[in-house]
Every structure is written in structure tokens, then in C-alpha cells.
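Survey of secondary and tertiary structure
Each chain, letter by letter, is given below.
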Amino acid sequence: MAQAPATPKTHRALIRLWAALAGPEAAKTRAKAPSERAALALRALPLPKERRETVTFLVPLVGPHHVGDWESVTARLQTTLKSFVAQDDPNWRAVICCQQRPPLPDDPRITHLPFDDTAPGNDKWRKLAALCDYLPRMNLPTGYVMSFDADDLLRQGTVREMLSRQAPGGYLVQSGFVMDHAAHAFALADKPSLGRPLRKPFWKLCGSCAAISHDPSQPQSATFLREMTAHEHRMFPHLAALAGRTLTPLNRPSVLYILNHGENFGARRGRVGFKTRFVQRFRITDNETLSAIAQDFPTP
């Protein structure tokens, strides 16, 4: 299972307009991808009326046979999980999918989902599909579901913000930090502004960027999450909007994306260079911001 290709930007705008004007059933005839058909099936259902009670993180972890330093990979996973455990709202769950069970904290909110698919090649997308297929077996309340890379970090207070604000469709990490681990340099990713026209929003750089409202009583919700996460993250806002789950930006930089630590997934695909240049261009130098990053993210 390879990563699903993105649909053209002009098509995305047109199908969302068609869904708004003619309804989801009529728009299905114009869908170009299974993800868009799944989004329209979910759009036909009402948004959950129940309070969102939990945030569930779906974490695909690279297998030991694909990396050179398994201990380094599991150490970074521990730091990611530490950022969950440190949240001041305890209402979250995390599921880690991998061929081999990694060392995990002794916390009932954290579970391992075994993965035994032996097909060759990159298995990240198959692991995400397995995680979404596992959702109906978790006995979750209505809440939010967020795919999260095993080397990214969640800012302290983010779970509390999600569950207190109760955004109907879910949340988008529009603002977040990018760290070049090799240079120990940080940059802020956010929407472009007059002073920073070439700055990029965080969701265009990192896959840990969208928490989608999820009602376990609607099977179409898990199906949509499965199809959505088969794409690269730049498709997430489009598909969420098409599903009638428009994403609300979180109030502050909420995720830290770490580059150049030696086992990046993106590095194996040759897709880290422009992000390294992004950090160089927008490097943070003021001590107040750097101190806030150190306080709110448990960086390794």
C-alpha cells in the first residue's frame, strides 16, 4: 500500500463547492479519490452532539528492520510519549503500531498494536490503516483522533485546549515549531504574513497536524480517517472540510517537529532538505521564545 496521491488543488475547491451547493450524494460523482468519497459519506451524517471527551493519538512506528539504530528510535518514541503523559488534561489515549513492541511507559492509556504485514517497502501507510481499523475495538467515547509521528512532540496544554474548546469538526496545527536537531536551531511555522510572505503553515510541513472529530457510533468516521491518513498531510484540511468537519486552528504553536536526528522518515525519502532551509531562514533567536519551547516541549 503506497501513499495515495493528492488530488489537484482546483479539483479540491470545485468539489467542496459542489458538495455545498448540490449535496454530498451529487458530489460523489465528481470525487477523484476514495478519500473524497469517504468524506462525502461522512458529510451526509450529522456532527456529533455529544461532548468530545478524549483525544486519541495514532502513532505508526518504523520497524527495527528499517532503521540503523532501533534504540535511538525507541528513545525518541519515549520522548513523544512523555509529551502526552505531561499533558495537564489526562483524557487521552495513544496506540503505537509496530512489528516489535517498543519499550513503553507503564501507563494504561498507552497500548501497542502488533503489525504482522510482511509486504516489502514502506509500511507507514499500512500501519496508519491498521490503526484506523483498530478504532472500533477501543470502546472510545466521542472525541478527537489525531495521527501523530513517533518523533514529534505535543505542547503542554494542547489536550486541555482541544477538550475545553470543543471545536465541532476538529483542530488544525496551523502554528508549530520545527527543530533542526543537528544544528539545535528552531523556527516557527505559521501562515504567511506581510513580514514573512514565504513562511509556511505547520500543516504543510508535518503530518502531526490534524485532530478530527470522531463519533465511534458512526462507522463512516473510522473509514474516513483511514482514507484521509492514506494521503500526505497537505490533503487533510481539504478532506476534513469536504467531510463537513472543518478544522479550527489551535491557539498557539502546539507541535514540535524534529528534523535531522538521524532516523527521520522524511530523510529516507529525500524530503528534508527544504525543511532544513526553512529552519535556517526563519530561525528563532530571541531568548524568551526559546525558553518557552524548552519549558513546554520535553526535547531530547
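Because the structure is a prediction, the values reported are computed rather than measured.

The rules we used
Residues numbered from 1 in each chain as written. Predicted model: local features only at pLDDT ≥ 70, side-chain atom pairs only at ≥ 80, totals over all residues. Heavy atoms only, no water. Axes fitted to C-alpha atoms, helices over the stretch in contact; angles between N-to-C directions. Helix = DSSP H or I, 4+ residues; strand = E, 2+ residues; numbered from the N terminus. Parallel < 35°, antiparallel > 145°, perpendicular 65-115°, else oblique. Left-handed = near helix turned anticlockwise from the far one by under 90°. Contact = heavy atoms within 4.5 Å. Salt bridge = Lys/Arg side-chain N within 4 Å of Asp/Glu carboxyl O. Buried < 20%, exposed > 50% of the residue type's maximum accessible area, 1.4 Å probe, protein only. Pairing = 2+ DSSP bridges.

Description of the packing of helix α3 (residues 34-43) against helix α7 (residues 219-228)
If you want to describe how two helices pack, look at the angle between their axes and the distance between the axes. The interhelical angle for the contact between α3 and α7, taken along N-to-C directions, is 155°, at an axis separation of 9 Å. Comparing the axis directions of α3 and α7 gives the class roughly antiparallel. Here the hand of the crossing between α3 and α7 comes out left-handed. Side by side, α3 and α7 meet where P34, S35, A38, A39 and L42 of the first sit next to Q220, S221, T223, F224, E227 and M228 of the second.

Side note on the pattern of salt bridges
Working definition: two side chains of opposite charge can pair if their charged atoms are close together. Enumeration over the complete set of coordinates arrives at 10 salt bridges. Ionic pairing is found between D149 and K124, a salt bridge with its closest N-O pair at 3.1 Å. Here the residue D149 occupies a position in the loop between β4 (143-147) and β5 (153-154), and K124 occupies one in helix α5 (residues 124-134), the gap between them amounting to 25 residues. Neither residue differs from the other here; D149 and K124 are each classed as buried. As a salt-bridge pair, D133 and R226 come within 2.9 Å of each other at their nearest N and O atoms. Here R226 lies in helix α7 and D133 lies in helix α5, a separation of 93 residues in the sequence. You can call D133 partly exposed: its relative accessible area is 42%.

A look at helix α6 (residues 158-165)
Those residues of α6 not exposed but buried are T158, V159, E161, M162 and L163. Those residues of α6 hidden inside the fold are in contact with β1 (54-60), β2 (92-98), β4, β5, β6 (170-172) and β9 (210-214). Positive backbone phi, at 55°, marks Q166, one or two positions downstream of α6.

With respect to the sheet that holds β1
The seven strands are arranged β3-β2-β1-β4-β9-β6-β10 in an open sheet whose pairing can be described as mixed. Bordering the open sheet on either side are β3 (110-114) and β10 (248-249), each of which pairs with just one other strand. Note: β6 against β9, three bridges, orientation antiparallel. Residue G170 lies in a different strand from β9, and its bridge partner there is I212. Lying over the sheet, helix α4 (residues 70-85) contacts β1, β2 and β3, oriented at roughly 165° with respect to β2. Its contacts with the sheet place α6 against β1, β2, β4, β6, β9 and β10, and it is angled at close to 135° to β1.

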